[in-house]
Amino acid sequence: MKFIYFLTKKYLLSIFTDKTLRLPALISIISIFISVFSLLVVMFVMKGFEIKVQNKILENFPHIILSNNAKNNFDSIGNIISYSNSLEGYGAYINGNKFELIKLKAKANINTDSDIDDKNIYYGDISKDFLLLNNLVKNDDFEIYIPSPNTLKKIKKIKIKVSDAIDSSESIPIIYFSYNQAKNIIFSKEFIELKLHDPFKSKETINSIINKNNHLKGQIVDWQTINNNLFNIMKLERVSLGIFLSFLVLIASTTIYSNTTSMIFQRKSEIATLLILGAKKNYILAVFVLVSFLLSFIGYFFGVILAKISTNLLASQEIIDVLDINLTFYGIEGFPIIFSYSYFIIISLFTFFMILVASFFPTSFYLNKNVDELIMRDGK
Amino acid sequence: MITLKNVTKKYNNYDLISYNDLIINKGDFISIVGPSGSGKSTLIDLIAKLNTCSSGEIKIFDKSINTYDDKRSIQLFRKEIGIMSSTSSLFSILNIRDNILLPLIIHNIDKCNSNFEHIIHKLNLKNLLDKSSGDLSSGERQRVLLARAMVLKPKILIADEPTANLDLDNTKQLVNFLRYLNDDFKTTIIVATHDDIVSKSSKRIYELEK
C-alpha cells in the first residue's frame, strides 16, 4: 500500500508540472466539472419544479375528493384534518371583445354571508392575475355569465364583488364563494373535499375510508391519481433530460480515457522498470487508476461545490428580485430549485463509475496485453 | 546457482541463437562477451527472466526459471536478482534518493534493513541524492542504476553493458565497485559487455560468436 500511495502522489503531482500532461489533464478536469455541474443543477431545477408544483397542488386543492355527499363516517380515520362539502362550476367573463372562462368554486373557509346586504351581489376571492389583467381591485364589482338551467335563456348574468385577491395555481382564473352563495349559482353535483395531515398517505387513507364506508368504493379519488398525468410528464421530462445530460459525463469520460492512455504510453519504460524491480501488476494498475480517478475527482469536486453554491443562490428569493425574473406563471414562489440528496448520490455514483471505467480500461488493457512486450526486447 | 542447458532463442522463426551449456556458481563474476548481434543482451534477458528461451532449460537457484511464474515467486525472484538492464530507466518524477529506494518501497522493506547507506557511500552518490535524474551525467546515471539494483542486497547482479558511454575514470570506478561486491559480499555477477576493462576484471569470460 505504501508503494501505491507513494507513486500515486508522485505521479499526480508530476502531472501539474509536466507540460505535455498538464493540458490534457486540465481538459479532463474541466470536462468532468462542466458535466457534473450541469447535470446536478438541471436535475435540481427539475426536482425543485416538481416539488413546488406538488406543494402548490397540496396547498390549493383537496387531497381526497368524494363524489358522494351523503352522510359518511370519517371518525377515527387519523390522517384526516378536515372535510367539507363543495361545488364546482364554470362561468364566463366578457370584457369588450375579450371572453374569459372562469372557474367557480365553493370553499369551506370563506364565510362572507354575514356581509351580504344585497342578495344580487356575490362576494368572491379571486385570482390575482385575473384582477391585474382586468384592472380590478378589492371591492370593485364586475359581471360574469353563468349557466342557469332553471331559466328560459339557460344563462344568466350575475354581479361579483372582489372580496380578496388570492394566489392560484389553476390554469384559468378562479373565484371562490362561500358555500351558501355557491349553492345559488353553481348547479353541479355537490362533492366532499378532504384535507389530510400527510397527503402522501392518501392511498392508505382512501382504503381506511372504504373499509368504513363500503358504498364509497369507486366514488373516491386522491390528489395523486388526479394529477397522475402531470407528474408522469414531469418525470418523463426529468428522465429525458437526465439521460441527455449523462452524455456529457460520457464525453468527459472519453477525455479521461485518452488522457490515461497517453499518460501510460508516456510512462511505458517506467512501468517496465517497476515490473523488473518486482512490482505487482495489480499495484501498478491501482497507481494509474488512482491517478486518473483523483484527477477527475478534482473536476467532480468543484462541479459539486459550484452546483451547491448555485442552488443556494438561485433558491434565495433575493437573486430572483435582483435579476427581475417573473416566475408567477406557474403560481410558484422563488426559483424552482432544490438540492436533492437522492439525485446527488445517483449522479455521483454514475460519475464515479464512468471515471473508474475510463481510468481502469486503458491501464488494465495496457498492463495485460503489452506487459511482456514491454519488459522484453524487440529484437536480438 | 545458474545453469544453462541446450538453450536456444529463435527470432522471427528463422534467426536462431544457440548457447553453449553454462554453469555459474555462487560468487562467480562472469563476463559475457562477443560481437554485436551475437546474443549477449538476449542471454542476459533470458537469465533475468525478461525473455523466454525457445528451447533448452535455464535453472536458477536449482529450480527451472519457468517455476517463477506465479505472482509471489516472480516477486521473490526479482528481489533476489538485481538487474541493471538497458530497459531499466530512472524515474523523472523522483529524485535520486527515491529512485534508489524504489525497490525497498515496492517490496515494503525498511531502509534500515537495506544496503542504502553503504552503497551511497561506496558509489559516492551522497551529493546527488536530492537531484533529479535529468541532471545526471552518463557516469552518474549508471552508478545510480547500479545502486538501485543492489539496494535490496540481491544474491545475483545481472548487468547489461554497465559501462556503455562511460569515460575511463567512471568505468574504473564502476568496475572497482563490481569487484568489491563480488569479493566482499560474494555477490554473483553476470555482465554483458564490450569493454575489455570489465571482462579482464571478471573471474570468467563466456564468449559468444555470431
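Think of each chain on its own: its residues are numbered from 1, step by step along the sequence as written. Chains and ligands are labelled by the order in which they are written, letters from A for the one and numbers from 1 for the other. Residue-level local features of this predicted model are given only where pLDDT is at least 70; pairs of side-chain atoms are given and counted only at 80 or more, and the full residue set underlies all totals for whole chains, interfaces and linings.

A.B. asks: Give me the overall build of chain A: which residues, what numbers.
C.D. replies: Every helix listed is a DSSP run of H or I at least four residues long, and every strand listed is a run of E at least two residues long, numbered separately from the N terminus. A count of helices and strands for chain A gives twelve helices and ten strands. Computation of the radius of gyration draws on C-alpha atoms, with the globule rule given as 2.2 Å multiplied by the number of residues to the power 0.38. Radius of gyration (C-alpha) of chain A: 32 Å, far over the 21 Å computed for a compact globule of 380 residues. Projected onto its principal axes, the C-alpha positions of chain A cover 110 × 50 × 30 Å. Any residue with 12 or fewer other C-beta atoms within 10 Å of its own C-beta is exposed, any with 20 or more is buried, and the rest are partly exposed; the C-beta atoms used are placed from the backbone. A total of 380 residues make up chain A; the buried ones form 30% of that total. The contact criterion used is a C-beta to C-beta distance within 7 Å, with each C-beta placed from the backbone. Considering only contacts within chain A whose residues lie at least 6 apart along the sequence, 80% involve residues at least 24 apart.

A.B. asks: Explain the overall build of chain B to me, using residue names and the numbers behind them.
C.D. replies: Counting its regular elements, chain B contains seven helices and ten strands. The principal-axis extents of the C-alpha atoms in chain B amount to approximately 50 × 40 × 35 Å. Taken over 210 residues, chain B has a buried fraction of 43%.

A.B. asks: Account for the interface of chain A and chain B, with residues named and values stated.
C.D. replies: Contact with chain A, which involves 20 residues of that partner, is made by 27 residues of chain B. Looking at the side of chain A that touches chain B, the element that brings in the most residues is helix 1 (residues 2-17) of chain A, giving six residues. Looking at the side of chain A that touches chain B, its residues break down into nine nonpolar, five polar and six charged. Each residue is assigned to one class: nonpolar for Ala, Val, Leu, Ile, Met, Phe, Trp, Tyr, Cys and Pro, charged for Asp, Glu, Lys and Arg, and polar for all the others, Gly among them.

A.B. asks: Pulling in residues and values, what's your account of the sheet that holds strand 9 (residues 191-196) of chain A?
C.D. replies: Residue and element names in this part refer to chain A. For two strands to pair, DSSP has to find at least two bridges joining them. Within the open sheet, the four strands sit side by side as 2-9-1-10. Their pairing is antiparallel. Because the sheet does not close on itself, it has two edges, and the strands there are strand 2 (80-86) and strand 10 (220-222). Between one strand axis and the next, the sheet turns by 20° as a mean value, whatever way the strands run. In this structure, strand 1 (residues 64-66) lies alongside strand 9, joined through three bridges in antiparallel fashion. Following the sheet pairing, L66 is matched in strand 9 by I192. Strands strand 1, strand 2, strand 9 and strand 10 of the sheet are contacted by helix 5 (residues 202-212), whose axis makes an angle of about 165° with strand 10. Lines fitted to the C-alpha atoms define the axes, with helices restricted to the stretch that makes contact. Angles between their N-to-C directions range from 0 to 180 degrees.

A.B. asks: So what about the sheet that holds strand 8 (residues 156-160) of chain B? Which residues, and what values?
C.D. replies: Either a parallel or an antiparallel arrangement is found when strands of a sheet pair, and the pairing is made through backbone hydrogen bonds. All names here are of chain B. Sheet architecture is open: five strands sit in the order 7-8-9-4-10, paired in parallel fashion. Two strands close off the open sheet at either side, each with one partner strand: strand 7 (81-84) and strand 10 (204-207). Here the average twist between neighbouring strands, direction ignored, is 15°. Where strand 8 meets strand 9 (residues 188-192), five bridges bridge the pair, whose relative direction is parallel. Considered in strand 9, the bridge of L157 is made with I189. Of the strands in this sheet, strand 4 (29-33), strand 8 and strand 9 are in contact with helix 1 (residues 40-47), which crosses strand 9 at around 145°.

A.B. asks: Give me the lowdown on helix 1 of chain A, citing residues and values where you can.
C.D. replies: Take the number of residues in a helix, subtract one, and multiply by 1.5 Å to get its expected span. Taking 1.5 Å per residue as the helical rise, helix 1 of chain A with its 16 residues ought to reach 22 Å, and the 23 Å between its terminal C-alpha atoms agrees with that figure. Each element contacted by the buried residues of helix 1 of chain A is listed here: helix 2 (19-60) and helix 9 (281-315) of chain A together with helix 3 (96-106) of chain B.

A.B. asks: Please provide a residue-by-residue account of the nonpolar core, values included.
C.D. replies: Grouped together as the largest cluster of nonpolar side chains are 108 residues, with contacts concentrated most on I32, I47, A147, I158 and I190 of chain B. In this view, I158 of chain B contacts I44, I47, A48, I81, I83 and I190 of chain B; residues no more than four positions away in its chain are not counted. Definition of nonpolar core: a set of buried Ala, Val, Leu, Ile, Met, Phe, Trp, Tyr and Cys residues joined via C-beta atoms within 7 Å. Y122, I174, F177 and I186 of chain A belong to the second-largest nonpolar core, a separate cluster that totals 17 residues.

A.B. asks: Lay out the packing of helix 1 of chain A against helix 9 of chain A in plain terms, naming residues and giving numbers.
C.D. replies: All names here are of chain A. It is at 9 Å that the axes of helix 1 and helix 9 come closest, and there the two elements cross at 40°. One way to sum up the angle between helix 1 and helix 9 is to call them oblique. Crossing hand, helix 1 versus helix 9: right-handed. Between helix 1, through F3, I4, L7, T8, Y11, L12 and I15, and helix 9, the contact on the second element is made entirely by Y283, A286, V287, L290, V291, L294 and L295. Class assignment of the residues belonging to the contact of helix 1 with helix 9 gives a composition of 13 nonpolar, one polar and no charged. Orientation is classified from the angle alone, with under 35 degrees giving roughly parallel, over 145 giving roughly antiparallel, 65 to 115 giving roughly perpendicular, and any other angle giving oblique. Helix crossings get a hand from a simple test, with the near helix turned counterclockwise from the far one by less than a right angle marking a left-handed crossing and a clockwise turn marking a right-handed one.

A.B. asks: Mind laying out unusual backbone geometry, listing which residues take part and the relevant values?
C.D. replies: Although it is not a glycine, N135 of chain A adopts a positive phi angle of roughly 55°. One non-glycine residue, N6 of chain B, lies in positive phi territory at about 50°. Considering the arrangement of structural elements, one finds N6 of chain B in strand 1 (residues 2-11). Under the C-beta neighbour-count criterion, N6 of chain B is labelled exposed, with 12 such atoms within 10 Å.

A.B. asks: Hey, could you go over the pairing of strand 8 of chain B for me, with residue numbers and the actual values?
C.D. replies: All names here are of chain B. With five of its five residues buried, strand 8 lies for the most part within the structure. The alternating pattern of strand 8 places I156, I158 and D160 on one face and L157 and A159 on the opposite face, and all of these are buried. Bridge count between strand 7 and strand 8: four bridges; the pairing is parallel. Each residue of the ladder has a partner; that of I81, found in strand 8, is I156. Once the chain exits strand 8 it traverses helix 6 (residues 168-184) before rejoining the sheet at strand 9, and the crossover so formed is right-handed. Seen with its strands pointing away from the viewer, a crossover is right-handed when the path leading from the first strand over the helix to the second is clockwise.

A.B. asks: For the confidence of the model for chain B, give the residues involved together with the corresponding values.
C.D. replies: Low-pLDDT portions of the prediction should not be read for the details of their coordinates. Residues and elements named next belong to chain B. What pLDDT reports is the predictor's confidence in each residue, on a scale of 0 through 100. The predicted model of chain B has a mean per-residue pLDDT of 87, with 98% of residues at 70 or higher. Strand 2 (residues 15-18) is the least confidently modelled element of chain B, averaging 77 in pLDDT, while strand 9 averages 93, the highest of any element. Scoring of the predicted complex yields 0.75 for pTM and 0.89 for ipTM.

A.B. asks: Provide a residue-level description of the environment of A272 of chain A, including the pertinent values.
C.D. replies: With respect to the helices and strands, the residue A272 of chain A is situated in helix 8 (residues 268-276). Looking at A272 of chain A, the number of C-beta atoms within 10 Å reads 21, which means it is buried.

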